[in-house]
Amino acid sequence: MIFAVDVIHLCDNIHNRGPLKNQLLRAATSIGANIHEAQYGYSREDFIYKLQLSLKECNETRYWLELLVQSGTITNEVASPLMNQCNRLRYMLIKSLNTAKST
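Residues numbered from 1 in each chain as written. Predicted model: local features only at pLDDT ≥ 70, side-chain atom pairs only at ≥ 80, totals over all residues. Heavy atoms only, no water.

## A closer look at the packing of aromatic side chains
Summed over all chains, the structure comprises one aromatic pair. Taking 5.0 Å as the distance between ring centres and 70° as the angle between the ring planes, the aromatic pair formed by Y63 and W64 counts as edge-to-face. Note on Y63: relative accessible area 44%, which makes it partly exposed. (Phe/Tyr/Trp six-rings, centres within 6.5 Å; stacked < 30°, edge-to-face > 60°. Buried < 20%, exposed > 50% of the residue type's maximum accessible area, 1.4 Å probe, protein only.)

See the structure below:
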């Protein structure tokens, strides 16, 4: 949830690029929402599916952050901590998926 809140704060400070900002906001907040849903999945397959969705959204979030940097909308210094958080989430999701799939 902290990651999503950090992205919300970033988006509050972006005063242009509305469509890009909205895509980033949707993808970043979806990560935690899908993880939360996975915790209450009705089956192992549902749990795995929700984590896979979270991983997909994590990758998409990274893309939007990179695009905002490349377009000059935000600086690399601003994006870097969020990209690091995103990478940590990605790593945790991959580990969790590997564990869930192996049991």
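## Examining the pattern of salt bridges
Evaluated as defined, the whole model comprises three salt bridges. Ionic pairing is found between E37 and K50, a salt bridge with its closest N-O pair at 2.9 Å. Pair noted here: E37 is in helix 2 (residues 18–39) and K50 is in helix 3 (residues 44–70), with a separation of 13 residues, a long-range link. Taking relative accessible area as the criterion, E37 reaches 39% and is therefore assigned partly exposed. Note on K50: relative accessible area 15%, which makes it buried. (Salt bridge = Lys/Arg side-chain N within 4 Å of Asp/Glu carboxyl O. Helix = DSSP H or I, 4+ residues; strand = E, 2+ residues; numbered from the N terminus.)

## Concerning unusual backbone geometry
Phi at R17 takes a positive value of approximately 60°, unusual for a residue other than glycine. With respect to the element layout, R17 can be found in the loop between helix 1 (2–12) and helix 2. Overall, R17 belongs to the partly exposed group, its relative accessible area being 39%.

## Topic: the nonpolar core
One finds F3, V7, L10, L24, L65 and I74 to be the most contacted residues of the largest nonpolar core, which totals 27 residues. Within the residue set of this core, elements represented by two or more residues are helix 1, helix 2, helix 3 and helix 4 (76–102). Leave out the neighbours within four places in its chain, and L10 touches L24, L65, I74, V78 and L82. (Core = buried A, V, L, I, M, F, W, Y, C linked by side-chain atoms within 4.5 Å. Contact = heavy atoms within 4.5 Å.)

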